[in-house]
Amino acid sequence: MQIRQEKKKDWPAIADLNTAAFETPKVAAIIAALRKNKVAPLVSLVAEEQYAVVGHVIFSPVSLPSFPKLKIMALGPLAVAPDKQRHGIGAQLVQCGLKKCKDLGAGAVIVLGHPTYYPRFGFTRATDRGISCALARNPDAFMLIELKQGYLVGASGSVEYDEAFNLKR
């Protein structure tokens with residue numbers, strides 16, 4: 001398996017993969033909207049096996065308006081082909097993506113995801129740090145990880161995602 005930055009030719013396969021993994025086209029529409037909005041930096045990685053896209057993760061910048069100089073990325077969505085789940089593909093995509101975000105200068109990453117999956121990577125409940133998100137219906141599902149130790153000390157407020165994520169509602 002190879003993990004690499006997405007290419008434009010991967011877009012249809014990424015859309016199909018996300019639609020299959022989430023059983024709805026809404027997630028694929030969010031990814032397309034991020035590209036259309038030219039959100040940058042955008043870390044969009046695919047896992048490829050025998051020239052087929054079997055996994056995808058995207059990281060996009062978010063803002064913490066009360067602390068505008070902080071560079072924070074949002075992880076998600078993360079999708080793995082249903083027949084390839086539970087084989088470590090998602091974990092490899094997350095780990096590779098976190099490294100790329102750090103290399104781009106991000107100090108922290110947030111995720112709105114499954115509360116028992118993401119702690120294995122070091123994510124902790126964001127509300128325990130005074131950081132919230134209007135999109136988070138379950139506070140246990142909104143988590144963060146510092147890529148630079150102490151990066152979020154003293155920071156608080158509500159994270160704002162790109163408008164592309166409003167498609168999910």
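Only a predicted model underlies this, so the values are computations on that prediction, with no experimental measurement involved.

Novice: Explain the nonpolar core here, please?
Specialist: A general feature of soluble globular proteins is that nonpolar side chains tend to end up buried together. Residues I72, I110, I131, F142, L152, V159 and Y161 are the most contacted members of the largest nonpolar core, which totals 32 residues. Looking at this core, the element that brings in the most residues is helix α2 (residues 26-36), giving five residues. When near neighbours in sequence (up to four residues on either side) are disregarded, I72 contacts S60, P61, V62, L64, A108, I110 and L152. Counting 25 residues, the second-largest nonpolar core is a separate cluster that includes V43, V80, V94 and Y118.

Novice: Looking at this structure, how should I read the pattern of salt bridges?
Specialist: Oppositely charged side chains are able to pair whenever their charged atoms sit close together. On inspection of all chains with the given rule, the structure shows eight salt bridges. In this structure, K99 engages D103 in a salt bridge whose closest nitrogen and oxygen atoms are separated by 3.0 Å. Taken together, the residues K99 and D103, both in helix α3 (residues 89-103) and four residues apart, mark about one turn of the helix.

Novice: Before we go on, may I ask you to explain the packing of helix α1 (residues 11-22) against α2 in this structure?
Specialist: For any two helices packed against each other, the geometry comes down to the angle between their axes and how far apart the axes lie. At a minimum axis distance of 8 Å, the contact between α1 and α2 shows a crossing angle of 145°. Contacts from W11, I14, A15, N18, T19 and F22 in α1 reach V27, A28, I31 and R35 in α2. Considering only residue class, the contact of α1 with α2 consists of seven nonpolar, two polar and one charged.

Novice: Quick question: what am I supposed to make of α1 here?
Specialist: Because an α-helix completes one turn every 3.6 residues, residues spaced three or four positions apart along the sequence face the same direction. Taking 1.5 Å of rise per residue, the twelve residues of α1 would be expected to cover 16 Å, and the 16 Å separating its terminal C-alpha atoms lies within 8% of that figure. All buried positions along α1 are accounted for by I14, L17 and N18. Each buried residue of α1 lies within a common arc of 95° when the element is viewed along its axis, so the set occupies one face. In α1, those exposed residues whose orientation departs by more than 90 degrees from the buried face are P12 and D16. Considering only its buried residues, α1 is in contact with α2, β2 (43-49), β3 (52-62) and β4 (72-80). Trailing α1 by a residue or two, E23 shows a phi angle of about 55°, which is positive.

Analysis parameters
Residues numbered from 1 in each chain as written. Predicted model: local features only at pLDDT ≥ 70, side-chain atom pairs only at ≥ 80, totals over all residues. Heavy atoms only, no water. Core = buried A, V, L, I, M, F, W, Y, C linked by side-chain atoms within 4.5 Å. Buried < 20%, exposed > 50% of the residue type's maximum accessible area, 1.4 Å probe, protein only. Helix = DSSP H or I, 4+ residues; strand = E, 2+ residues; numbered from the N terminus. Contact = heavy atoms within 4.5 Å. Salt bridge = Lys/Arg side-chain N within 4 Å of Asp/Glu carboxyl O. Axes fitted to C-alpha atoms, helices over the stretch in contact; angles between N-to-C directions. Nonpolar A, V, L, I, M, F, W, Y, C, P; charged D, E, K, R; others polar. Expected span 1.5 Å × (residues − 1). Arc of directions from axis to C-beta.

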